[in-house]
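Listed below are the residues making up each chain.
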Amino acid sequence: MDLANKLFKGDRVIWIIFMFLCLISVVEVFSATSTIAYKNANHWAPIVRHASFLTVGFILILLLHNIPCRFFSVLILLLPVSILMLFLTPFIGISENDAHRWLSLFGIQFQPSEFAKLACVVFVSFMLSRRGKFTEDQIFKYVLIGVTVTCILILPENFSTAFMLFGVCFLLMCIGQLPWKKMGILTGSLFLALALFVLALTVLPHDVLKHIPRALTWKERIKDFRNKERSIDAATYKITDDNYQVSHAKIAIARGGVFGKLPGHGHQRDFLPQAYSDFIYAIIIEELGYTGGVVVLLLYIMLLVRAGMIARKCEKLFPKFLVLGCGLLIVVQALANMAVAVNLIPVTGQPLPLISRGGTSTVITCIYFGIILSISRFGAGIGNEEDEVIDDGQPTAEDWTGESALEAIEDLEEVVEPEKEAC
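Residues numbered from 1 in each chain as written. Predicted model: local features only at pLDDT ≥ 70, side-chain atom pairs only at ≥ 80, totals over all residues. Heavy atoms only, no water.

### Here we look at the overall build of the protein
Link 1 in the chain: Broken down by element type, the protein carries 16 helices and 3 strands.
Link 2 in the chain: Relative to its 423 residues, the protein shows a buried fraction of 44%.
Link 3 in the chain: Looking at the protein as shown, the accessible area adds up to about 22,600 Å², and 65% of this sits on carbon and sulfur atoms. (Helix = DSSP H or I, 4+ residues; strand = E, 2+ residues; numbered from the N terminus. Buried < 20%, exposed > 50% of the residue type's maximum accessible area, 1.4 Å probe, protein only. Areas by Shrake-Rupley, 256 points an atom, 1.4 Å probe, with all protein chains shown as cover.)

### Section: the nonpolar core
Link 1 in the chain: The biggest cluster of nonpolar side chains holds 97 residues, and the ones touching the most others in it are Tyr300, Ile310, Leu322, Leu352, Ile355 and Phe369.
Link 2 in the chain: Among the elements that line this core, the one with the most residues is helix 14 (residues 317-341), at 14 residues. (Core = buried A, V, L, I, M, F, W, Y, C linked by side-chain atoms within 4.5 Å.)

### So, the side chain of Glu286
Link 1 in the chain: Position of Glu286 among the secondary structure elements: in helix 13 (residues 280-313).
Link 2 in the chain: Glu286 sits in the buried class, given a relative accessible area of 0%.
Link 3 in the chain: Polar contacts involving the side chain of Glu286 include one to the main-chain amide nitrogen of Gln268, which spans 3.5 Å.
Link 4 in the chain: Among residues more than four places away in sequence, those in contact with Glu286 are Ala252, Arg255, Gly256, Gly260, Lys261, Gly266, His267, Gln268 and Arg269. (Polar contact = N/O pair within 3.5 Å; in protein donor to acceptor, adjacent residues only side chain to side chain. Contact = heavy atoms within 4.5 Å.)

### Brief notes about the environment of Leu153
Link 1 in the chain: Along the chain, the position of Leu153 falls in helix 7 (residues 136-154).
Link 2 in the chain: Leu153 sits in the partly exposed class, given a relative accessible area of 23%.
Link 3 in the chain: If we ignore the near neighbours within four places in the chain, the residues touching Leu153 are Ile83, Leu86 and Phe87.

### Regarding the pattern of salt bridges
Link 1 in the chain: One pass over the structure, following the stated rule, counts 4 salt bridges.
Link 2 in the chain: With a shortest N-O distance of 3.5 Å, Glu136 and Arg131 are connected by a salt bridge.
Link 3 in the chain: The partly exposed category is assigned to Glu136, whose relative accessible area is 35%.
Link 4 in the chain: With a closest N to O distance of 3.0 Å, Glu286 and Arg255 form a salt bridge. One end of the pair, Glu286, is in helix 13; the other, Arg255, is in helix 12 (residues 244-256), with 31 residues separating them in the sequence. (Salt bridge = Lys/Arg side-chain N within 4 Å of Asp/Glu carboxyl O.)

### Side note on the environment of Ala380
Link 1 in the chain: The residue Ala380 is located in the loop between helix 15 (360-379) and helix 16 (402-422) in this model.
Link 2 in the chain: Overall, Ala380 belongs to the buried group, its relative accessible area being 15%.
Link 3 in the chain: Residues Ala380 and Pro319, 61 residues apart in the sequence, show an inter-C-alpha distance of 8.7 Å.
Link 4 in the chain: Ignoring any residue separated from it by four or fewer positions in sequence, one finds Ala380 in contact with Ile310, Lys313, Cys314 and Ile375.

### Comments concerning the environment of Ile253
Link 1 in the chain: If you trace the backbone, Ile253 turns up in helix 12.
Link 2 in the chain: On the basis of relative accessible area, Ile253 is assigned to the buried category, the value being 16%.

### Quick word on helix 4 (residues 45-64)
Turn by turn, an α-helix covers 3.6 residues, leaving residues three or four places apart pointing in a common direction.
Link 1 in the chain: Between its terminal C-alpha atoms helix 4 stretches 29 Å, which fits the 28 Å expected from 20 residues at 1.5 Å a residue.
Link 2 in the chain: Among the residues of helix 4, those classed as buried are Pro46, Ile47, His50, Leu54, Gly57, Ile61, Leu62 and Leu64. Down the axis of helix 4, the smallest arc covering the buried residues is 165°, so these residues share one side. (Expected span 1.5 Å × (residues − 1). Arc of directions from axis to C-beta.)

### Re the packing of aromatic side chains
Link 1 in the chain: For the structure on display, the rule yields 13 aromatic pairs.
Link 2 in the chain: A ring pair is formed by Trp15 and Phe18, whose centres lie 6.2 Å apart and whose planes are at 80°; its orientation type is edge-to-face. In this pair, Trp15 and Phe18 both sit in helix 2 (residues 12-32), 3 residues apart, roughly one turn of the helix.
Link 3 in the chain: Phe18 gets classed as buried once you look at its relative accessible area, which sits at 2%.
Link 4 in the chain: With centroids separated by 5.8 Å and ring planes inclined at 85°, the aromatic side chains of Phe110 and Phe115 adopt a geometry described as edge-to-face.
Link 5 in the chain: Residue classification places Phe110 among the buried residues on the basis of a relative accessible area of 13%.
Link 6 in the chain: An aromatic cluster of at least three residues, connected via ring pairs, comprises Phe8, Trp15, Phe18, Phe58 and Phe369.
Link 7 in the chain: Arg357 extends its terminal NZ or CZ atom over the ring of Tyr276, reaching a point 5.4 Å from the ring centre. (Phe/Tyr/Trp six-rings, centres within 6.5 Å; stacked < 30°, edge-to-face > 60°. Lys NZ or Arg CZ within 6 Å of the ring centre and 35° of its normal.)

### Describing helix 12
Link 1 in the chain: Relative to the 18 Å expected for 13 residues at 1.5 Å per residue, helix 12 spans 19 Å between its end C-alpha atoms, a close match to the ideal helical length.
Link 2 in the chain: In this structure, the buried side of helix 12 is in contact with helix 13 and helix 14.

### A look at unusual backbone geometry
Link 1 in the chain: If you check the backbone angles, Gln177 has positive phi at about 55° while not being a glycine.
Link 2 in the chain: The topology assignment puts Gln177 in the loop between helix 8 (159-175) and helix 9 (180-203).
Link 3 in the chain: Here Gln177 falls in the exposed class, since its relative accessible area comes to 54%.

See the structure below:
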């Protein structure tokens, strides 16, 4: 127990949530990667790869949660680096699933958009905490420019990530109480831009859209979502290439029941192309039932609630905004993934944070947890009790209570009485 207290500092609830998510991740990714395992000579390769990334992320958490949160402001330097990487990705990036989202450096592949998300949240939090040095109008302008440039560079290859990142930064701006008039104008402009975007995808002909990266993919996803069947006739319903993923996700959810088929007994993992990533929540419901699905949902909700509680205890603005930004990024992405799995929103391609099989996303999510734990420890003073108390000779509050206080009063009387007699 002493070793655990020394090793796991910070908010214990966040640690528990992290451990449960990792446990669910290892079990479900091992089950959902069965199709990949059978294609490899080493059947353990997929889960070993995923476990390795989780281990690296865990080590990063142990390091980060021992760093005082004030030093995280240096991560704003990551913003110009991320912008540069995002600019280069369409030209020298690696194409997967008809999108250039990956860069390769010294043989290591990573997604620049994941670093950009972290950089944007740190940047927005830092600017919102500098009200004494900048006016509100300046903060609004700088934040809007930095976030907009980043999201525009992400947008062509990953619309859902750009949309989600801008939404989280917008929420931080609202929490930071920037001028409401400017925020209202920004909100109206965003709704107008989104409406024009959807209209353009609907009206523009195929010959025009094919020259815009991923425009045809967005159009098909919106079309499929708008035309989804509200009542399905089993005798006439057909699974096609357009509804393949959504249909098998629905089948997985329908098969789950209350307690599921147990891990390793799901059938749809062999049919869903992204069973271990984009649609892992459907596999969780099939194997762990609605009970498991609700538990996973509650874990993320608890994470957001706990991040809010940590923020309330922070006296300084930078850690307050940063912990909220990290919590919102994780939870909003999780809700988007789960909404896609149950067909509430169009397919987005967002992984389930810390649970889906991944590399860059898993490590960056662990960095978010490390930052949250550091802020809980150094910013909010949670779980930072020292094992040994060093006596520096100065009185504390405990010294002036109980028997210690009585002894101090008696000593004081012994000094005062001789002085009175001398007078």
